Amino acid sequence: MTNTNKEIIMLQQILSHTPVWVWVILATLLYFGTLASRDRMQNLRSVTILPVMMACLSIQGQLQQFGWNALALLSWAGAVWLGAQIAMRMANAHSLRVESASHIWVRGSWLPLTLMMLIFVGKYVQGIAFAMQPALGTDTGAILVCSIAFGLVNGILLSKLLRVRQLLKNAPSAAALQTASV
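About the thresholds
Residues numbered from 1 in each chain as written. Predicted model: local features only at pLDDT ≥ 70, side-chain atom pairs only at ≥ 80, totals over all residues. Heavy atoms only, no water. Patch = residues over 30% accessible without salt bridge, like charges linked within 9 Å, V, L, I, M, F, W, Y side chains within 5 Å. Areas by Shrake-Rupley, 256 points an atom, 1.4 Å probe, with all protein chains shown as cover. Salt bridge = Lys/Arg side-chain N within 4 Å of Asp/Glu carboxyl O. Helix = DSSP H or I, 4+ residues; strand = E, 2+ residues; numbered from the N terminus. Expected span 1.5 Å × (residues − 1). Buried < 20%, exposed > 50% of the residue type's maximum accessible area, 1.4 Å probe, protein only. Arc of directions from axis to C-beta. Contact = heavy atoms within 4.5 Å.

Caption draft 1: Quick peek at a nonpolar patch on the surface. The grouping of Trp 81, Leu 82, Ile 86 and Met 90 at the surface amounts to a nonpolar patch, some 470 Å² of accessible area in total. Summarising the element assignment, Met 90 is placed in helix α4 (residues 70-90).

Caption draft 2: Region of interest: helix α2 (residues 20-35). An ideal rise of 1.5 Å per residue puts 22 Å on 16 residues; α2 measures up with 23 Å between its terminal C-alpha atoms. Every buried residue of α2 is listed here: Val 22, Leu 26, Leu 29 and Gly 33. Buried residues in α2, looked at end-on, bunch into an arc of 65 degrees, giving them a common side. Residues of α2 that are exposed and angled more than 90 degrees away from the buried face: Val 20 and Trp 21. Along its buried surface, α2 packs onto α3 (44-66) and α5 (111-132).

Here it is as structure tokens:
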């Protein structure tokens, strides 16, 4: 049997042993990522749900994979902060307009879908790698790579919410139209 055939069989095994709920999560992320590609009006609640949900899933994944490992948690948190700071500074100044907590105009973007797919594929590959090599769970390099990568992506996802909250806090009145970079 050639290496290519062995790899195909291994891939088939991996895919066939993937639980159904993983594919449900993928479909849900694809749905919400596609919605995010269109210009839309949102309220504060709808702007909050996705980034908070992804951050909660990420930290839950960190705890599940590494436990209460200080290196994993601190590197993840630091990367979240760094990702949010970078995204807020590099954002398009005309992609977000806050009129009030119930009227937030968001320019459509494929970036949220891209980020969600990075998290999904990253978690999927991480799960496979750590199942095949359990020692990775205690390897400092693996812990840092996973924690920093997932933290950066989550920080970028959280940056829009942070900017909206900042604009709402600094708005002179609820009726004032503000343009922000996200």
